[in-house]
Structure formats: structure tokens, C-alpha cells
Amino acid sequence: MPQSREAEEYLIACCLLDGADSISKCMEKRLTGEAFYTPANRTVFNTILEIYQNRPPVAIEVIAEELSKRGELDEIGGLPFLVEITNRIPTTAQVDYFIDRVRELHILRNLINVGTSAVQQCYDFSGGLEEFVDKVEKEIFEVTQDRVSDAAKSMKQTTQDAWVVIDKMMHHKGEITGVSSGYKELDAMTYGFQKAEMIILAARPSMGKTSLALNMAEFAALPKRGEPAATLVFSLEMSAAQLGMRMLCSRGRVNMKKLREGFVKPGGQEYQDLLQAADELTKSPLFIDDSSQLTIMELRAKARRLHARQPLGFVIVDYLQLLSATDPRMPREQQVAEISRGLKALAKELEVPVLVLSQLNRAAEKENRAPKLSDLRESGSIEQDADVVLMLARPRDADEKFQVAADSAELIVAKQRNGPVGDLKLTFLRDITRFENHTP
């Protein structure tokens, strides 16, 4: 590839002439020797990076001496080669262009390799189509996103990352470090939903799981303070239009029953409130996918695609038991276990909190007690994979006719890997299907 060689040599010349400025730009864009097609150019660039990191001056003489010690100088064409390429360019002002060009050609070569491999795998395909498609798609996205990172992190890097969080806690006492749920008591216990966490929100049917999740989506995408988090909601049960209606009435604080019965008149205050809510939601980074009968692989692929266009900060799945596994012939418990693992993997892959709604079995109702972790329906793997488990329940002293339309509800933090557990109360506004901070 002569175009590759030419772009590579121009970039090397920029690094030799400009030194630290050009080299630091290469490092900022995570350009490594692997991106160079020509072996000689790859050797020279790797040597430049190594010398730069060890602090000696990056000059032609130093590079030549280092290559000579390794017995590689003659292989790259000797000192005349280094002198020749540096004499080709009058200025290093185009270094950004050459960095992008080298990366671009590297990505194209990798796409060719992945595509060729995919074609061969298609011919050799022997079963498990969903897993195969997900694997190929992930490989392609890794190339296009240029995700060149090591799976294992040194303790130096890990400690530095942890110290950033510790420093923030010491100097900003009580400050939210993740995506705010919008509820003070819950945020005080969790410090927000953290990156790579899978959070389970479980309850019996008609207890308000979807309403609470939508309220959390609204708080994340339209926070009162701080930067909004782009939020993706997967709704496998309700249509986007239905969710949109709920969110408009909830945010505009308009009684949905009155709206349906025609008591909200154009031009009135409630109408203006709905218009204001519509304007705010329209401008928010909130996305709804109401595809039905999704498999866990399809859901991950959809999230990955959107994340590539619009980096996400929060994902909500409503709800886990409606997702399908890759193989419907598996026992249901194994299917749910696969789905649970897939959602946890999604949280880690995108580095965002993933809130997953789930159903509880009837045991708590039969025994007239608060729900507990063992009540999670269909699979103990949900409990194992989750970083945080929240359970929405009626107050234990409520009347037998209590439904979610009552004015209060209990939110139980039943599990939290990195924090306390306990109960807290929320106030439910029945007319607008909205949960708010508890007011005695």
C-alpha cells in the first residue's frame, strides 16, 4: 500500500522534526506502531515512542543510535532513510491530518481482515446464529471505534482511578458520583447509579415499576443540576407513544384521566403545561426503543449502535422477563441466566449503569411480608449478577385494597455491592403516575 507508506513516513518526519508536540498528539489519539503497515516505519515509530517515554530528546541521531544498538538500523534503510523522510516536508502543521490518515488506513485494513474472517466463518457456520451475528458485529464495532485497550489494568492505573473517586468524596462530601436517580434518600445510599453497574428494580405487577423507571429516565436526561445523561429506554411491553404520553403528563403534572376524558382544553393552563413538557422532552437526550420480542443479542446490538452515534450515560430495560434468549429450547431458568449475564456485560462494555426491571414471584404476597432477594422471579442468577437490587413494595401496614395508586410506597435497597442496604419511602402522586421524594 504505497499510500500507507507515504502517510506513515510523513507522520514519522513530523515526530522527528516537531518532537514532543507531534508525539503527544499521536499518544492522545492512541496511535501505536500496530497502525503502521510498513515494517520499517513500524519499527521507527515504536522506537520514537519508547525514547519519548524514557525522556531523552527525540532526534534523528538518537533514533539512529538506538536502532543501531538493536541491529535494526540497516533493516530500515540506515541513517540516510531517516534524513530523507525528514527532508520531504517543509512544515509539521499537517501532523493531525497524517495521524488521522494513518489511523484511517489501519482501520480499513482491520475491517478487511474482520470481513474476510466473517466470510470464512459464514462458510464454516454450524449453528448458534444469534451468537455468531453478535460476535461478528462486536468485532466490527471494535475496529470502527478503535478500541485498543488492555483487558487487564495495572494496580497503578486502578489505584489512580480509585483515588480520583476517593478525593472527590473527601472534598465534595455527599456529592453524587454517578447518574442521579432523582430521589434524595436513594442517592444518599448509592451516590447515584455508577458506571458498569447493573441495577435491578423489581416488583409485583401493577406496583409502578415502569412509572418509577420513567421518572428516573427523566431525572437523568433532564437533571436540575449538572450535565444530562443520554438515556436509552427499551420498552418491550408498552409502545413509545404510550410511554411518551406518560412522561408528558408526569412532567407537565397533568391528570391523564382528565386528559383522556376531554377535560383538558386547548389554551388552558394544563395545555400550556403539556406544551412546556413536550418542549423540554423534545430537546432532551432521551431515546425510546419499543421493539418487541427482542433477544438479548439484538438488544445489545441496538444499544451498541446508538452508543456509537450518541455516547450513552444510562440504559433502562423494561423488563427482563420479556427478553428472549438466543436458544428458546433451553430451560427458562438458563434463558434468564443468559439474559442477566448479557445485560451485565452490556453495562461493562458501554461503561454505563443499566437499570433492569424485573418481576417478583408471589411468595411475599402469600406470606404477607416485605419482598426479599430470593423472591426475584425465575432465576437466582439475577441476584448474583446485579450490583444493586431495588424492590418496590406497598407499606406493610397498608390496607388490603392497597394498589400503587396509594400515596406512598416503600423502596427497599435489598442489595448493594459497594454501599448500605435499607428501606426508604417515596410519595406516589396517583393522578399523574409520578414518584417523588417522600413528604411526611
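Residue numbers run consecutively from 1 along every chain, following the written order of its sequence. Local features in this predicted model are restricted to residues of pLDDT 70 or higher, and side-chain atom pairs are both shown and tallied only at a pLDDT of 80 or more, whereas totals for entire chains, interfaces and linings draw on every residue. With hydrogens and water stripped out, all remaining heavy atoms of the structure feed into the side-chain values.

Peer 1: Tell me about the overall build of the protein, and please be specific about residues and values.
Peer 2: From N to C terminus, the protein includes 17 helices and nine strands. Residue pairs at least 24 apart in sequence account for 68% of intrachain contacts in the protein once pairs closer than 6 positions are excluded. For accessible areas, the Shrake-Rupley method is used with a probe of radius 1.4 Å. Any residue's cover is judged against the shown protein chains and nothing else. Total accessible area on the protein is roughly 23300 Å²; 51% of this is exposed by carbon and sulfur atoms. Helix numbering and strand numbering both begin at the N terminus, where a helix is a DSSP run of H or I of at least 4 residues and a strand a DSSP run of E of at least 2. Throughout, a contact is declared for two residues whenever any of their heavy atoms are within 4.5 Å.

Peer 1: Can you break down the packing of aromatic side chains residue by residue, with the values?
Peer 2: In this analysis, rings of Phe, Tyr and Trp, with Trp reduced to its six-membered ring, are considered paired at centre separations within 6.5 Å, and the interplanar angle assigns stacked below 30 degrees, edge-to-face beyond 60, and tilted for intermediate values. In the structure shown here, the tally under the stated rule is six aromatic pairs. Aromatic pair Y10 and F98: ring centres 5.0 Å apart, planes at 5 degrees, arrangement stacked. With Y10 in helix α1 (residues 2-18) and F98 in helix α6 (residues 95-123), the pair connects residues that are 88 residues apart, well separated along the chain. Per-residue accessibility, obtained with a 1.4 Å probe over protein chains only, is compared with the maximum for each type, and a residue is labelled buried under 20%, exposed over 50%, and partly exposed between these values. In this structure Y10 comes out as partly exposed when scored by relative accessible area, which is 23%. One aromatic cluster is present, built from ring pairs that chain together Y10, Y97 and F98.

Peer 1: Mind laying out the sheet that holds strand β1 (residues 198-203), listing which residues take part and the relevant values?
Peer 2: Sheet architecture is open: nine strands sit in the order β3-β2-β4-β5-β1-β6-β7-β8-β9, paired in mixed fashion. Each edge of the sheet is formed by a strand with only one pairing partner; in this case those strands are β3 (286-289) and β9 (434-437). If you compare each strand with its neighbour and ignore which way they point, the axes differ by 25 degrees on average. Two strands qualify as a pair provided that DSSP identifies no fewer than 2 bridges between them. Pairing of strand β2 (residues 231-235) with strand β4 (residues 314-318) involves five bridges; the strand directions are parallel. In the strand pairing of β4, S235 is matched with D318. Geometry is summarised by axes, namely lines fitted to C-alpha atoms with helices restricted to the contacting stretch, and by angles between N-to-C directions that run from 0 to 180 degrees.

Peer 1: So what's going on with the environment of A386? Which residues, and what values?
Peer 2: Here A386 shows up in the loop between α17 (381-385) and β6 (388-393). Taking the relative accessible area as the measure of exposure, A386 reaches 0% and is therefore buried. Sequence-wise, A386 and L355 are 31 residues apart; in three dimensions their C-alpha atoms are separated by 9.7 Å. Once residues lying within four places of it in the same chain are set aside, the contact partners of A386 are M198, I200, K415 and R417.

Peer 1: Let's hear about helix α4 (residues 60-69): which residues, and what values?
Peer 2: Within the sequence span of α4, burial applies to I60, I63, A64, E66 and L67. Along the axis of α4, the buried positions cluster into a sector of 165 degrees, meaning they face one direction only. The exposed set on the far side of α4, more than 90 degrees from its buried face, consists of E61 and K69. Positive phi appears at G71, one or two residues downstream of α4, with a value of about 75 degrees. The directions considered for the arc are those from the helix axis to the C-beta atoms.

Peer 1: I'd like a rundown of the nonpolar core, residues and numbers included.
Peer 2: By nonpolar core is meant a set of buried Ala, Val, Leu, Ile, Met, Phe, Trp, Tyr and Cys residues that side-chain atoms within 4.5 Å join together. Residues L186, L212, M216, L355, L390 and L411 are the most contacted members of the largest nonpolar core, which totals 40 residues. Counting residues per element, this core draws most heavily on helix α10 (residues 209-221), at eight residues. Excluding residues within four positions of it along the chain, L186 makes contact with S181, F193, M216, L390, L411, V413 and L424. Counting residues in hydrophobic clusters, the runner-up holds 35 residues, among them F234, L299, L320 and I382.

Peer 1: Please give an account of the side chain of T38 that cites residues and values.
Peer 2: Mapped onto the secondary structure, T38 falls in the loop between α2 (20-28) and α3 (39-53). By relative accessible area, T38 is classed as buried at 17%. Contact partners of T38, with chain neighbours within four places excluded, come to R5 and E8.

Peer 1: Explain the packing of helix α14 (residues 296-309) against helix α15 (residues 332-350) residue by residue, including any values.
Peer 2: At a minimum axis separation of 10 Å, α14 and α15 run at an interaxial angle of 15 degrees. Considered as vectors, α14 and α15 are oriented roughly parallel to each other. Crossing of α14 over α15 shows right-handed handedness. Where α14 abuts α15, its residues I296, L299, R300, A303, R304 and H307 lie against E338, I339, G342, L343, A345, L346, E349 and L350. For classification, angles of less than 35 degrees are called roughly parallel, those exceeding 145 degrees roughly antiparallel, those between 65 and 115 degrees roughly perpendicular, and all remaining angles oblique. Handedness of a crossing follows from how the near helix is turned relative to the far one, being left-handed for an anticlockwise turn of less than a right angle and right-handed for a clockwise one.

Peer 1: Describe in detail the side chain of K415, supporting the description with residues and values.
Peer 2: Within the element layout of this structure, K415 appears in strand β7 (residues 408-416). Look at K415 and you get buried, because its relative accessible area is 15%. One polar contact links the side chain of K415 to the main-chain carbonyl oxygen of A386, over a distance of 2.8 Å. What qualifies as a polar contact is a pair of N or O atoms within 3.5 Å, subject to a donor-acceptor requirement within protein and to the restriction that residues adjacent in sequence count only when both atoms come from side chains.

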